[in-house]
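Single-letter residue listing:
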Amino acid sequence: MTLETLSENRCFGGVQGVHRHRSEVCACDMTFGLYLPPQAAAGPVPLLWYLSGLTCTHENAMTKGGFQEHAARHGLAVIFPDTSPRGESVADDPAYDLGQGAGFYVNATRAPWDAHFRMYDYVLTELRGLVMAAFPLADRHGITGHSMGGHGALTLALRNPEMFASLSAFAPIAHPVRSDWGRKQLGAYLGEDESAWAGHDSVLLLEERGWHGDILVDQGTADDFLDLLMPEALAGAMARRRQPGQFRLQPGYDHSYFFVSSFAADHVAWHAERLGPGRAPMRA
């Protein structure tokens with residue numbers, strides 16, 4: 001698989017790269033960002049996956065989230081995948097919350113989406129295999145994400161606990177089978193049989209399976225999308241399951257990258273503690 005480097009920039013002693021490759025899973029070209037901390041020059045480092053939300057590309061969190069400084073301090077690499085397949089041949093929808101930019105981290109089974117929209121397999125298998133082979137990365141993975149990406153992080157990890165050692169989320173779409181941010185997309189991508197949706201709902205997955213470690217979730221109390229995100233459903237599921245973790249309501253914070261960047265340091269440190277450092281941590 002050919003990997004094309006589009007850019008590389010020095011950043012906090014490491015390198016922020018942007019790369020493109022032909023995806024067999026999504027049947028189109030895909031672009032992702034990868035930050036390698038300075039410790040990667042001495043040997044493989046753990047990898048933190050950051051899944052972005054609706055309308056985002058690989059670039060949004062890469063440029064607005066502020067993860068690189070914290071990742072450099074702790075010796076973690078951070079990967080920023082795109083949120084969907086893209087291109088003229090890829091199906092789309094006029095609405096912002098369906099189609100390109102809104103892959104929802106599922107494998108679509110319904111036309112016209114099934115030809116390209118296979119973000120579950122892309123993130124979990126294809127992209128993971130590609131970066132592990134091409135970069136100095138240890139086979140120790142954590143995953144986090146924001147909004148739709150928080151949904152993706154939770155559901156991918158809860159379904160595949162052997163593949164991730166740490167888990168967190170920023171304002172995730174917590175209960176998509178009961179939310180307008182979910183029912184529309186799951187119906188379009190997977191069909192009207194709601195039994196097929198349950199495997200992509202973090203509340204249902206957590207109640208059924210639990211998680212082998214602890215979970216960190218941050219949610220702003222001034223988020224305009226609280227009714228769509230349904231954080232109370234996830235907090236309730238954690239309580240009912242007696243799931244170890246922290247569900248933190250952050251007073252006055254909204255749904256923007258100002259919120260994400262405010263707590264990025266906490267999340268990177270959380271993952272670093274559970275993944276183990278790369279090489280020697282850097283001084284602040």
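The coordinates are above.
Just so it is clear, the structure is predicted and the values come from calculations on it, not from any experiment.

This next bit is on the sheet that holds strand S1 (residues 3-11). Reading across the sheet, the nine strands line up as S1-S2-S3-S5-S4-S6-S7-S8-S9 and stay open at both edges, with mixed pairing between neighbours. If you trace the sheet from one side to the other, it starts and ends with S1 and strand S9 (245-250), each paired once. Strand-to-strand twist of the sheet, defined as the mean angle between neighbouring strand axes without regard to direction, takes the value 20°. As paired strands, strand S4 (residues 45-51) and strand S5 (residues 77-81) are joined by three bridges and run parallel to one another. Looking at S5, one finds that Leu47 is bridged to Ala77. The strands that helix H4 (residues 148-159) touches are S4, strand S6 (137-145), strand S7 (166-170) and strand S8 (215-220); relative to S6, the one it contacts most, it runs at about 130°. Against the sheet, helix H8 (residues 231-241) touches S8 and S9, its axis set at about 150° to S9.

This next bit is on helix H9 (residues 257-275). Helical geometry note: an α-helix holds 3.6 residues per turn, so side chains three or four residues apart project in the same direction. The largest bend along H9 reaches roughly 45° and is located at Phe263. Listed as buried for H9 are Tyr257, Phe259, Val260, Phe263, Ala264, His267, Val268, Trp270, His271, Ala272 and Leu275. Of the residues that open H9, the one with a side-chain oxygen 3.1 Å from the backbone nitrogen of Phe258 is Ser256. With its phi angle positive at about 85°, Gly276 sits one or two positions after the end of H9.

Before going further, it helps to spend a moment on the pattern of salt bridges. Counted according to the given criterion, the structure contains 14 salt bridges. In this structure, the salt-bridge partner of Arg86 is Asp82, at a minimum N-O distance of 2.7 Å. Accessibility expressed as a relative area gives 27% for Arg86, which makes it partly exposed. A relative accessible area of 4% places Asp82 in the buried class. A salt bridge links Arg240 to Glu207, with the nearest nitrogen and oxygen atoms 2.3 Å apart. Residue Arg240 is found in helix H8, and its partner Glu207 is found in helix H6 (residues 202-209); the two are separated by 33 residues along the sequence. Assessed through its relative accessible area of 56%, Arg240 is described here as exposed. Owing to a relative accessible area of 33%, Glu207 belongs among the partly exposed residues under this scheme. Each of Asp214, Glu273 and Arg274 takes part in a single network of salt bridges with overlapping partners.

Cut-offs and rules
- Residues numbered from 1 in each chain as written.
- Predicted model: local features only at pLDDT ≥ 70, side-chain atom pairs only at ≥ 80, totals over all residues.
- Heavy atoms only, no water.
- Pairing = 2+ DSSP bridges.
- Helix = DSSP H or I, 4+ residues; strand = E, 2+ residues; numbered from the N terminus.
- Axes fitted to C-alpha atoms, helices over the stretch in contact; angles between N-to-C directions.
- Contact = heavy atoms within 4.5 Å.
- Bend = angle between axes of the 7 residues up to and from the residue.
- Buried < 20%, exposed > 50% of the residue type's maximum accessible area, 1.4 Å probe, protein only.
- Polar contact = N/O pair within 3.5 Å; in protein donor to acceptor, adjacent residues only side chain to side chain.
- Salt bridge = Lys/Arg side-chain N within 4 Å of Asp/Glu carboxyl O.

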